[in-house]
Structure formats: structure tokens, C-alpha cells
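Read off the chains here:
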Amino acid sequence: MFEEVDNFIFWLIVTAFTMPLLLLSVLIWFFLSYQKKKYQYEVEKKDTQLREQSFIIEQQNVIQAERNRIATEMHDELGAGLTVIKYISDSVVYKLTDEQVREDINKIAQYSTSLVRNMSEIIWAMNSRFDNVEGLIGYIRRYAAEFLEDHHIEHYFKADDLIGTINISGEKRRNIYLVIKELLHNAVKHSGAQKIQIEATSSPDLVIRIVETGGQGFIPENMEKEGNGLYNIQKRMSQIGGKLHFHQTPTGMEISIMLPIPNEDLTKNDQIIYA
Amino acid sequence: MVPIETLLSKLNLYDIINILSFLVVFYFYLNGKKSLPYFGLFLFILIFLEVYLQVYWSYTYKYNIFIYNIISKYTIVYYTLVYYNYFRNKPWSGWIQGLFFSWLVICVFMNSYEFDTIKFDKLSYIGGLIFISGLIFMYFYDIIYIKQYKNIMNDSLFYLSVGIIIFFAANFPILVFVDLFITNAKKGGPVYSNFIQLGNIFLSLGYLGASLCSKK
């Protein structure tokens, strides 16, 4: 009797251990199938992401090509046309005797010059070839030098080395350029600065500092009440996600323009790794 | 009343895991998160039956098989509710209802025909567990072949399914030959008890996993 029970318990234990093993096989089947499905899902997901990204890149390329085409056509057609108007006006002025007509023709020449300059700014903003901070800083530097020399103001320009490797859209370039243009105009017209220093750094945000020395400076709150200039530049900066900071110093004025640079806008070798 | 010392001395590891699971479900419930349908209530009644009533019955009447008969059927009913809830939109979900009511009829028949408070109603329980195992395999099949990929690590039902299937596999032979074990308690008792304990621990871990996957 006891032998029979012992024998039975032995087989019972064998069965009891076999059942979990069978179950384990089922669970292994389930997990392997599940892992396979998970892998397929991840491959499909990556494939979809890649297709979406390539579609976006294609779209961006099409837009850039269109921007470049418009910029080229504006430069070739409108620019050339406006230049011709300016030269014809200049040459006609000398042939005219009527003072009133001469004045009007001179105005046409001046407007044409101004239009050529404005259009050149638009073309520069549209052309994707200049979609980097280096292009922006170069353009600002050239403008500031011409403008401040015309007004006999001492000026310095300084930019750090990393600047050349940052990408920036045409919209941001144009807005920053127009903000700096307005600030330099204000410095010449209102503050009476004797020396202007422009510094551009990128660590990690793009910061352009304009330091005016020898002028009277201004209180931003008072300026806001007087005109639209300050309101417009602040609006431009907020449109592109940037900030403007004014600080009155004993020797003049210090204005900082700050623009955050997303990590993807840095070129591969210069991406900032945050710990 | 059962003295608290007796209750505590009879407390098993799986009972502690069940209490922990209930507390987790209750905590998540207070934070607006839900796990399986009526899971908190299920655990509360289960803990009451396993921790108090079976000890009380044993203490008062010197046997507790009757309470285990109730627990076994109670768990099958709850598992059916959970899987029916999962499959309710399937065209064949009516089969779950049909099979469940058939099982219920068998239970009533078995208990009317051979009602005995000191005998474990193993046939109804084994029948119920085979039925639930079928539903679990359907659930696995659904995840692998029918549904779109989803992360099962956040799925309460996955943990419950694994817990049940391990419990069933570990205890199936014991449940089949339970009478023999009881009659030869001296020889088979420890093995019987250890396997039941081990299976219950896996089942309770399944409950704990399910309770930790509560979502808003």
C-alpha cells in the first residue's frame, strides 16, 4: 500500500514539475512572438519616421529652391530695372533746366536707390545660402561700418569663432538685422553716442551686445511712450522667440539682443551636450 | 472571534502580497487611477475569505474546506468577468457567457448532487480553471496576432494572466489528486502544501503586478 503511494507521489511530483515546464514553453513562445512583434513595430515606426522626415526635407528643399529662384529673379529683373531707373534719372537731371522737375527727378533717383537697398535686404533674407549666423553677422558688420562711418562715429566689431557654425532661418536673420538697424539709427539720432561697440557671442544662445559710449542714453519706458520704434523692435524679437535688454550705464547705454539657438541648428561637430 | 495571534500565525506570504496589492489598488483609486474592473473589491473579499473566514471556520469547526470551495468559485467568477470585459466587443463573446453559465450549472449540479462541506469540489474548480486558461490563451493570441502592438508591461491583464497560468500549472496535478493527498496527509502533505503555496505566491504576484499597472 505504502509502496504504491510512494510510487504515485513520485509520478505526481514529476507531473507537477513537468507542468510548469510546459507552461514555461508556452510563456517562452509568447514572449518570443511578442519580441518579434515589438521588433517589427519598432522597424515600421522608424521607417514611418524616416519617410516623414524625408518628406519634410523634400518640402524644405522645394521651398528653399523656390525662395532662391524668387531671390535670383528679383535681383536680376527688379534690381536691374531699378538701377536703370536710377541711372536714367541721374542722367536726365543734368539735361533739365526747370528746377521743380529736377527736384522731382532727383526724388525718383533717391527712391530708386532706397528701393535697391531694401530689395537687396529682402533678397539676402530669402536666399538660403546665407541661412547661418556667419552670414547675418557679416551683413550687420558691413551695414554698421557703412552707416557709422557716414556719421563719423567710432566703431568696433567683435564676433566669436563658434558663430560660423550656427544655422538660422531667413526670417530670424531679417528680423535681427532690422532690429540692429533701428537701434543704430536711434543711437545716431537720439543718444548722440561717440563710440559704438558691437559684440556677437554664441554660448549657447546668440547674443549681440551694442555698447554705446559717450551718449546720453535713454530710459526705455520713456521711449515707449514717445514712438513706435522701440515697440516694433520688441515685437520683432518676440516674434522670433528672442529677447531685448536695455541697460543704462554711467558712460552711455548697453543693449543686448538674445536669441536661443536650438541644438539641431548647430552643425554636427559643434552640438552642445548637456550633462 | 478568532484571537489576533491565531490570525497572524496563519498568515501566509501570499496573504501579505494580497494585502499589499489591495493597499496599492486603494492608493491608486484615491489618486483617480483604475486597474482591472472591481479589482479592489475583489481583493478585499478575497483577503477577508482567505485571511479571516477560513481561519475562523477552521478555529470554530476544525476544518476549512468549505471556505476554499467558496474561494475557488469566487475567483473563477471574477476572472470570467475580467476576460469577458476584455473580449466584450468580439463577435464570439457570447460563447464566454454560454460557457460560463454552463460551468455555473455544473457547479450547482455538483453541489446539489454531492453537497459536502468537508469535501473539496475539485471538478468544478478544475473545469473553471481550464475555461479560464482557454481565455488566457485567447488573450495571448489576441496580443500576438490580432491587436496592434501594445506594451504589455503596462497591461494589468497580462500580469493577472501570467499569475493564473503559473498557479494553474503548478497546482494542476495536486488538484486532480487532492483527495489522495488529504487521505495520505502524512506522506503527501508537505509536497501538497509547498506546491499550493508556491502557486499562490505566483498568483498573488500577478495580482500585485496588475494593481501596480493602474492607469488614469
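Anything mentioned here points back to the structure above.
In this text, all values refer to a predicted model and were calculated from it rather than measured experimentally.

Novice: Help me out: how do you make sense of the environment of Phe195 of chain B in this one?
Specialist: Examined against the element boundaries, Phe195 of chain B turns out to sit in helix H9 (residues 185–212). When the C-alpha positions of Phe195 of chain B and Phe172 of chain B are compared, they lie 9.8 Å apart, and in sequence the two are 23 residues distant.

Novice: What is the right way to read the sheet that holds strand E5 (residues 252–259) of chain A from this model?
Specialist: Within a sheet, each strand pairs with its neighbour through backbone hydrogen bonds, oriented either parallel or antiparallel. Residues and elements named next belong to chain A. Reading across the sheet, the 5 strands line up as E1-E2-E3-E5-E4 and stay open at both edges, with mixed pairing between neighbours. At either end of the open sheet lies a strand with only one pairing partner, and these are strand E1 (154–159) and strand E4 (243–249). Ignoring strand direction, the axes of neighbouring strands in this sheet form an average angle of 10°. Examined bridge by bridge, strand E2 (residues 195–202) and strand E3 (residues 206–213) share 8 bridges and lie antiparallel to one another. Each residue of the ladder has a partner; that of Glu199, found in E3, is Arg209. Together, E2, E3 and E5 form the strand contacts of helix H4 (residues 170–191), whose direction differs from that of E5 by roughly 175°.

Novice: Any chance you could explain the packing of helix H3 (residues 133–150) of chain A against H4 of chain A here in plain terms?
Specialist: A pair of packed helices is captured by two measures, namely the crossing angle of their axes and the spacing between those axes. Residues and elements named next belong to chain A. Where H3 contacts H4, the two axes come as close as 10 Å, and the packing angle between them is 20°. Judged on the interaxial angle alone, H4 and H3 are roughly parallel. Of the two possible hands of crossing, H3 and H4 adopt the one that is right-handed. Across the interface between the two elements, Gly135, Leu136, Tyr139, Ile140, Tyr143, Ala144 and Phe147 from H3 touch Arg173, Ile176, Tyr177, Ile180, Lys181 and Leu184 from H4.

Novice: I tried to follow unusual backbone geometry on my own but got confused; where do I start?
Specialist: A negative phi angle characterises most non-glycine residues, just as the trans form characterises most peptide bonds. Residue and element names in this part refer to chain A. Of note in the backbone geometry, His152 takes a positive phi value of approximately 55° without being a glycine. Of note, His152 is situated in the loop between H3 and E1. With 8 C-beta atoms counted inside 10 Å, the residue His152 sits in the exposed group.

Cut-offs and rules
- Residues numbered from 1 in each chain as written.
- Chains lettered and ligands numbered in written order.
- Predicted model: local features only at pLDDT ≥ 70, side-chain atom pairs only at ≥ 80, totals over all residues.
- Helix = DSSP H or I, 4+ residues; strand = E, 2+ residues; numbered from the N terminus.
- Pairing = 2+ DSSP bridges.
- Axes fitted to C-alpha atoms, helices over the stretch in contact; angles between N-to-C directions.
- Contact = placed C-beta atoms within 7 Å.
- Parallel < 35°, antiparallel > 145°, perpendicular 65-115°, else oblique.
- Left-handed = near helix turned anticlockwise from the far one by under 90°.
- Buried ≥ 20, exposed ≤ 12 C-beta atoms within 10 Å, placed from the backbone.

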